[in-house]
Amino acid sequence: MEEMHYKEKISAFLNRELSADEHRVVGEHVLYCSKCRSEHDEIKLGADFAQNLKQASAPDKVWKDIVAVLDKNYILKARPNTNLFQWKKLSLGFVSIVTVLSVTLGIYLLVYDSAQSVRTSKEQTVPVAHKREAAWKVENITGKSKITNASENESLKIGSSLETDKNSRAKIDVADIGQVEVAPNSLVKLVNSTKSEHRLSLERGKLSALIFAPPRLFVVDTPSAAAVDLGCAYDLDVDEEGNSKLHVKSGYVSLEREGLESIVPAGAICYTKRGHGLGTPFSETASHAFQNELRKFDFHDGGRESLIKILNLAKPRDTLTLWHLISRVSKESRAGILKKVLSFSKLPDGVTREGILRLDKNMLEKLRFELENLWYE
Amino acid sequence: MDQFALMTEKMSEHDLIEACRDGDREAFGVIFSRHQKRVFSVAIGFFGGNRQTAEDVTQQVFLKLYTSITNFRGDAKLETWLYRITINTCLDEQRKKKRMAYIPDFLGLGSADANKTHEEKLIMRETSDEVRRALIEIKPKFRLPIVLKYSEGLSYQEMAEVLGCSEGTIASRLNRGHKMLAKKLESLKIDF
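On a predicted model such as this, the values are computed, not experimentally measured, just so you know. (Residues numbered from 1 in each chain as written. Chains lettered and ligands numbered in written order. Predicted model: local features only at pLDDT ≥ 70, side-chain atom pairs only at ≥ 80, totals over all residues. Heavy atoms only, no water.)

### Overview of the packing of helix H3 (residues 25-46) of chain B against helix H5 (residues 78-96) of chain B
Residues and elements named next belong to chain B. To be explicit about the condition: Angles here are taken between N-to-C directions and fall from 0 to 180 degrees, while the axes themselves are lines fitted to C-alpha atoms, restricted in helices to the stretch in contact. In DSSP terms, a helix is any run of H or I states spanning at least four residues, a strand is any run of E spanning at least two, and both are numbered starting from the N terminus. Here is the rule for handedness: rotate from the far helix to the near one, and if that takes an anticlockwise turn smaller than a right angle the crossing is left-handed, while a clockwise turn gives right-handed. A contact between two residues is defined here by any heavy atoms of the two lying within 4.5 Å. Under the scheme applied, nonpolar residues are Ala, Val, Leu, Ile, Met, Phe, Trp, Tyr, Cys and Pro; charged residues are Asp, Glu, Lys and Arg; polar residues are all the others, including Gly.
It is the contact of H3 with H5, at a shortest axis distance of 10 Å, that shows an interaxial angle of 40°. Between H3 and H5 lies a crossing whose hand is right-handed. Within the contact between the two elements, H3 uses Ile31, His35, Arg38, Val39, Val42, Ala43 and Phe46 and H5 uses Leu78, Glu79, Leu82, Tyr83, Thr86, Cys90, Leu91 and Gln94. Partitioning the contact of H3 with H5 into residue classes produces 10 nonpolar, 3 polar and 2 charged.

### Details of the nonpolar core
Rule in force here: Residues grouped as a nonpolar core are buried Ala, Val, Leu, Ile, Met, Phe, Trp, Tyr and Cys residues, joined through side-chain atoms within 4.5 Å. Relative accessibility thresholds used throughout: buried, under 20% of the residue-type maximum; exposed, over 50%; partly exposed, between the two (1.4 Å probe, protein chains only).
Counting 77 residues, the largest nonpolar core has Ile66(A), Phe28(B), Leu65(B) and Leu181(B) as the members making the most contacts within it. When residues in this core are grouped by element, the largest group, 11 residues, is from H3(B). Those residues in contact with Leu65(B) that sit more than four places away from it in its chain are Phe28(B), Ile31(B), Leu78(B), Trp81(B), Leu82(B) and Ile85(B). By size, the runner-up hydrophobic cluster in this structure holds 64 residues, among which are Phe218(A), Tyr234(A), Leu294(A) and Leu374(A).

### Describing the packing of aromatic side chains
Formally: Only centres within 6.5 Å qualify two rings of Phe, Tyr or Trp (six-membered ring in Trp) as a pair; their planes then separate them into stacked at under 30 degrees, edge-to-face at over 60, and tilted for everything else. For a Lys NZ or an Arg CZ to count as sitting over a ring, it must be within 6 Å of the ring centre and within 35 degrees of the ring normal.
All told, the structure shown has 6 aromatic pairs over all chains when counted by the stated rule. Ring centres of Phe46(B) and Phe47(B) lie 4.9 Å apart, and the angle between their planes is 70°; this geometry places the pair in the edge-to-face category. A residue is classified by how much of its surface remains accessible, and Phe46(B), at 0% relative accessible area, is buried. Arg368(A) extends its terminal NZ or CZ atom over the ring of Trp323(A), reaching a point 5.6 Å from the ring centre. Across from the ring centre of Phe46(B), 4.4 Å away, lies the NZ or CZ of Arg143(B), which sits over that ring.

### Brief notes about the pattern of salt bridges
Pairing is possible between side chains that carry opposite charge, provided their charged atoms lie close to one another. All names here are of chain A. So the rule is basically this: Whenever a carboxyl oxygen of Asp or Glu lies within 4 Å of a side-chain nitrogen of Lys or Arg, that contact is scored as a salt bridge.
Inspection of the entire model under this criterion finds 28 salt bridges over all chains. Of the charged contacts, one joins Lys171 and Glu139 as a salt bridge, the two residues approaching to 3.7 Å between their closest N and O atoms. Of this pair, Lys171 sits in strand E6 (residues 169-174) while Glu139 sits in strand E2 (residues 138-142), and the two are 32 residues apart along the sequence. Given the relative accessible area of 24%, Lys171 is considered partly exposed. Relative accessible area serves as the criterion here: at 36%, Glu139 is assigned to the partly exposed category. A salt bridge links Glu256 to Arg216; the nearest nitrogen and oxygen atoms lie 2.7 Å apart. Remark: Arg216 occurs in the loop between strand E9 (198-211) and strand E10 (218-221) and Glu256 occurs in strand E14 (residues 252-257); sequence separation between them is 40 residues. Shared partners join several salt bridges into a network, and the residues in it are Glu293, Lys296, Glu305 and Lys309.

Printed below as a string of structure tokens:
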């Protein structure tokens with residue numbers, strides 16, 4: 001009978017993550033099994049070193065810097081003479097007034113007034129950051145941009161457009177979640193601004209977005225795709241024909257059109273072409289030859305010939321592109337792409353070749369996570 | 001952060017989040033006070049002891065937290081959410097700095113046990129620095145469980161929740177991570 005080993009459980013054993021029975025079994029086994037004891041000793045040495053990791057405090061300057069950034073960006077307005085305890089006092093006072101004064105009708109009127117007063121007070125002190133303003137502040141960086149259908153204070157409101165000429169450049173505050181800089185010769189339109197979605201349309205030109213928000217809260221439409229922010233900084237160009245180029249500087253952006261999606265991470269570029277849809281993302285460090293073949297494949301019917309060249313030219317960083325191509329080609333071609341991917345990386349635990357070939361969503365996600373290590377090396 | 005001390009004792013996390021949603025900077029300051037060690041420690045562990053990068057990451061994490069706190073639904077604990085933001089920010093930052101060498105610094109970390117002698121603290125800090133420097137050479141997927149386990153004291157279940165994988169995966173990554181760390185630090189074995 002084959003002997004049972006517990007190598008996979010050694011860390012859990014040392015970290016006391018096993019049940020009492022399991023802990024005893026593994027402990028006894030390690031005593032007499034030289035293979036598992038050797039594994040145990042090696043892992044224990046690493047664990048002993050790791051025990052030296054301690055928590056550390058951030059210096060005070062970090063908080064000061066945070067406050068400075070908030071002040072500078074008007075993300076958060078300080079509320080002078082207001083703190084949580086005052087709010088609590090207000091609430092308690094309000095409850096007391098309601099209880100005592102509701103005995104008589106005359107006093108009821110007084111309570112009603114107080115309630116109005118408390119509500120008004122609260123509304124006045126709610127900071128700008130948490131009112132989902134439908135008017136976005138615009139600041140001219142150079143020259144003078146033109147806003148059509150502007151709100152009274154020259155802000156962008158839903159339905160208004162901002163246009164820059166060759167000499168002007170403007171900055172837009174995207175509600176309270178970030179900023180967009182609009183380059184010269186650009187036209188943007190504010191499509192929507194609600195708690196669950198802030199949406200711009202870039203008709204032509206270029207914008208640079210810096211967004212601090214949960215994924216999918218900020219979207220920029222272009223004539224050929226929608227750029228959905230997944231928490232990031234990026235540049236987006238749209239030419240006169242409505243084709244676009246997305247270059248992600250930090251985080252991730254999802255380019256979407258008609259159910260197709262390209263996930264573009266930091267350091268990657270993705271083109272879209274009007275009438276052809278989404279291109280395949282590629283690393284900004286990909287060779288020119290690789291980029292040219294990819295463009296042929298995506299937009300000029302390069303077909304199998306281009307795909308073979310792409311595979312021959314691919315380097316480990318290009319697994320970003322290959323991962324996307326897996327789900328965009330026929331099953332026969334898929335196998336070839338996967339073979340190339342596996343020449344750079346192994347399949348992660350729980351992922352099978354068959355699963356990838358039948359486009360199992362979870363397995364594809366795990367594979368992407370594994371390949372990300374190659375994209376940034 | 002002394003000005004927040006009294007509030008730290010009295011406010012529940014739920015109250016603080018609600019107040020923070022209403023834009024209360026003091027409430028946000030209390031959340032920062034309560035959680036800054038977690039965020040900074042994960043960042044400094046992730047970046048091999050580089051304090052400057054850890055400070056930048058800590059700042060980014062709390063700005064992201066503030067701007068997105070209205071969307072915090074309370075399905076997970078705030079600290080789980082914060083760990084996730086921290087890890088994503090660390091990975092982002094690593095991408096940005098992918099071609100830069102990390103230069104860990106040797107300045108004080110302000111976390112040594114108060115009962116230890118000065119000499120013991122120095123030895124401990126140096127070993128801690130060595131461990132952090134060794135960790136930077138290990139891939140993030142093996143590095144992160146080690147940081148979360150030993151710096152933060154998270155259980156396998158908590159780590160699985162933060163990292164979005166199974167407890168079995170955590171156990172397996174820790175096995176490999178421990179061995180990699182042992183190999184990189186073998187030369188310290190005698191001193192250690």
